[in-house]
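Structural description and commentary
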Amino acid sequence: MDIFERIRFARDQALAAERTERQRLAEADNADLQRAASVRLATRQAVREALDDVLDEKSDPEAELDGAAAGAEDGDDLGGQDSPTAQ
């Protein structure tokens, strides 16, 4: 396995972890759980985006979501009102 295959694998793992964190965020029943899931999600997104930059590729986390969940996320990664990275 060459280095780029390993980086792609790590990126795909980060994408899978993003899905998990999105699910945890959706299921969080209090503000503390929502904040914790948001921080973890933002971290996973940053890792995935950094690996995308190294690979000069663009992964699409929204493509990984099913149709119902895709509409629930803003997915713009620009820190919009609905974004987990918004402050």
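Keep in mind that what you see is a predicted model, and the values were worked out from it rather than measured.

1. Brief notes about the pattern of salt bridges
A full pass over the atoms with the stated rule returns 11 salt bridges. A salt bridge links Arg11 to Glu57, with the nearest nitrogen and oxygen atoms 3.2 Å apart. Pair noted here: Arg11 is in helix α1 (residues 3-27) and Glu57 is in the loop between α2 (31-55) and α3 (61-64), with a separation of 46 residues, a long-range link. Residue class for Arg11 comes out buried when judged on its relative accessible area of 7%. A salt bridge links Glu18 to Arg22; the shortest N-O distance between them is 3.4 Å.

2. Some details on unusual backbone geometry
Residues other than glycine seldom take positive phi values, yet Asp56 does so here, at roughly 55°. Mapped onto the elements of the fold, Asp56 is located in the loop between α2 and α3. Asp56 sits in the exposed class, given a relative accessible area of 72%.

Rules used in this analysis
- Residues numbered from 1 in each chain as written.
- Predicted model: local features only at pLDDT ≥ 70, side-chain atom pairs only at ≥ 80, totals over all residues.
- Heavy atoms only, no water.
- Salt bridge = Lys/Arg side-chain N within 4 Å of Asp/Glu carboxyl O.
- Helix = DSSP H or I, 4+ residues; strand = E, 2+ residues; numbered from the N terminus.
- Buried < 20%, exposed > 50% of the residue type's maximum accessible area, 1.4 Å probe, protein only.

In short, the description is geometric, and any link to function would need to be established separately.
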